[in-house]
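# Remarks on the overall topology
Take a look at the letters that make up each chain.
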Amino acid sequence: MGVHPNIHIPKESFPHWIWYAIECILLIAISLIASSKITNSIEGLTPEVQNYMFIGIMGIFFLVWYIGIRRLILTKVLQNGY
């Protein structure tokens with residue numbers, strides 16, 4: 001019996017970009033929740049200042065994750081050859 005040319009291999013057929021989308025959506029959700037809790041805990045802020053702080057804290061989460069943590073994890077994994 002011959003080899004079937006249309007074999008389904010999930011790792012090769014699953015779109016790789018979906019993992020990046022899932023990571024981004026999770027990061028957005030976590031940063032939204034955390035920044036809303038942080039800005040609500042600070043008393044005496046005007047709504048304008050609270051909005052700037054909210055967006056700034058979200059930006060810090062993105063910078064820390066994508067430039068700091070993710071880069072560190074990827075360089076460690078790539079250097080070890082996993």
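Residues numbered from 1 in each chain as written. Predicted model: local features only at pLDDT ≥ 70, side-chain atom pairs only at ≥ 80, totals over all residues. Heavy atoms only, no water.

Across its full length, the protein carries three helices and zero strands. For the protein, the succession of helices and strands along the chain, N to C, is α-α-α. Within the span of the protein, comprising 82 residues, buried residues form 11% of the whole. Counted over contacts in the protein with a minimum sequence separation of 6, partners at least 24 positions apart contribute 50%. (Helix = DSSP H or I, 4+ residues; strand = E, 2+ residues; numbered from the N terminus. Buried < 20%, exposed > 50% of the residue type's maximum accessible area, 1.4 Å probe, protein only. Contact = heavy atoms within 4.5 Å.)

What follows is about the packing of aromatic side chains. In total, this model carries one aromatic pair according to the counting rule given. Between Phe-62 and Tyr-66, the aromatic rings sit 6.1 Å apart at their centres with planes inclined by 25°, giving stacked as the arrangement. Of the two residues, Phe-62 and Tyr-66 both sit in helix 3 (residues 47-80), four residues apart, roughly one turn of that helix. A residue is classified by how much of its surface remains accessible, and Tyr-66, at 31% relative accessible area, is partly exposed. (Phe/Tyr/Trp six-rings, centres within 6.5 Å; stacked < 30°, edge-to-face > 60°.)

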